[in-house]
Each structure stands twice: as structure tokens, then as C-alpha cells.
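# Residue-level structural notes
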Amino acid sequence: MVRSPCHVVYTDYRPTPLQHFVFPAGGDGLFMVVDDRGTFREDNFQKAIAALTDATVDASAPPGTLTMRPPNFKDEPALLLLGMM
């Protein structure tokens with residue numbers, strides 16, 4: 001592989017669709033917020049934000065400090081993420 005020629009191909013389009021996902025800390029899933037056409041998915045974004053803000057206030061912590069609830073391993077979202085690759 002060393003000193004082998006490298007061929008570059010130029011295209012006007014993206015051959016692999018680009019999608020954006022949010023995996024909120026302490027959430028229970030993976031949310032696609034931008035699809036392969038570049039459309040922002042407001043409903044999934046709101047679900048991700050709701051999962052992110054689903055934090056509990058720790059009584060021993062100073063006021064205003066949030067602690068995230070433990071992750072939910074029922075659905076194994078990390079395996080879902082790896083399966084998408």
C-alpha cells in the first residue's frame with residue numbers, strides 16, 4: 001500500500017446520504033433530526049430534547065444543579081447505533 005497511486009473521484013452529489021442523529025445522555029434512544037434529504041425533523045428533535053431535559057434534581061446537590069438519570073439499557077440504543085454503520 002505504500003507508494004501506491006491514490007485515485008480521487010469527484011461527484012456533484014453525495015454518494016452516501018448524510019443523516020444527523022442525536023443520542024441524548026440518559027435518554028432511551030437514538031433520534032434522527034436531519035434526514036438524507038436535508039430536512040430537519042422537528043418532532044424527533046423535540047423528543048430528543050424532552051429526553052435530555054428529563055433530569056431529576058438531586059436533593060443533596062446545590063439548587064439549580066441537575067443530575068441525569070441512569071441510562072436505560074432495555075433497548076440497547078448503542079447496539080442500534082452500531083447496527084447503522
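Along each chain, residue indices are assigned from 1 in the same order as the chain's sequence is written. For this predicted model, a pLDDT threshold of at least 70 governs which residues receive local features, and a threshold of 80 or more governs which side-chain atom pairs are given and counted, while totals over whole chains, interfaces and linings are taken from all residues. To obtain the side-chain values, all non-hydrogen atoms of the structure were used and water was disregarded.

As a further point, take the overall build of the protein chain. Helix and strand counts for the protein chain come out as two helices and four strands. For every residue, the accessible area obtained with a 1.4 Å probe (protein chains only) is divided by the maximum for its type, and the residue is called buried under 20%, exposed over 50%, and partly exposed between those limits. Here the protein chain, with 85 residues, has 19% of them falling under the buried criterion. By definition, residues are in contact when any of their heavy atoms lie within 4.5 Å. Once local pairs closer than 6 in sequence are excluded, the contacts in the protein chain between residues at least 24 apart make up 30%. Total accessible area on the protein chain stands at roughly 7,100 Å², and carbon and sulfur atoms take up 61% of it. A run of H or I in DSSP becomes a helix once it reaches four residues, and a run of E becomes a strand once it reaches two; helices and strands are each numbered from the N terminus. The protein chains shown are the only cover counted for residues, whose accessible areas, like all others here, come from Shrake-Rupley with a 1.4 Å probe.

Moving on to the confidence of the model for the protein chain. As a per-residue measure, pLDDT tells how confident the predictor is, with possible values from 0 to 100. On average, residues of the protein chain score 75 in pLDDT, and 62% of them reach the 70 mark or higher. Across the protein chain, the secondary-structure element scoring lowest on mean pLDDT is strand β3 (residues 56–57), at 40, and the one scoring highest is strand β2 (residues 31–34), at 92. Contacts from residues 55–59, a stretch scored under 50 in pLDDT, to residues over four places away or in other chains number nine contacts.

Attention now goes to helix α1 (residues 42–52). Where α1 is concerned, the buried positions are Asn44, Ala48 and Ala51. An end-on view of α1 places all buried positions within 60° of arc, on one side of the element. The inward-facing, buried residues of α1 abut β1 (20–22) and β2. Arc definition: directions from the helix axis to the C-beta atoms.

Here the aromatic set is Phe, Tyr and Trp, taking the six-membered ring for Trp, and pairing holds for ring centres within 6.5 Å; pairs whose planes are under 30 degrees apart are stacked, those over 60 apart are edge-to-face, and all others are tilted. In this structure the tally under the stated criterion is one aromatic pair. Ring centres of Phe40 and Phe45 lie 5.5 Å apart, and the angle between their planes is 55°; this geometry places the pair in the tilted category.

This brings us to the environment of Gly29. Relative to the helices and strands, Gly29 resides in the loop between β1 and β2. Expressed as a C-alpha distance, the spacing of Gly29 and Lys47, which sit 18 residues apart in the sequence, is 9.7 Å.

This part takes up the side chain of Asp35. Structurally, Asp35 is set in the loop between β2 and α1. All tallies of charge rest on Lys and Arg as positive and Asp and Glu as negative; His and the ends of each chain are not included. Each reported salt bridge corresponds to a side-chain nitrogen of Lys or Arg within 4 Å of a carboxyl oxygen of Asp or Glu. One buried charged side chain, Asp35, makes no salt bridge at all; its nearest oppositely charged neighbour is Arg41, positioned 5.4 Å away. Each residue touching Asp35, except ones within four places of it in the same chain, is listed here: Leu18, Gln19 and Arg41.

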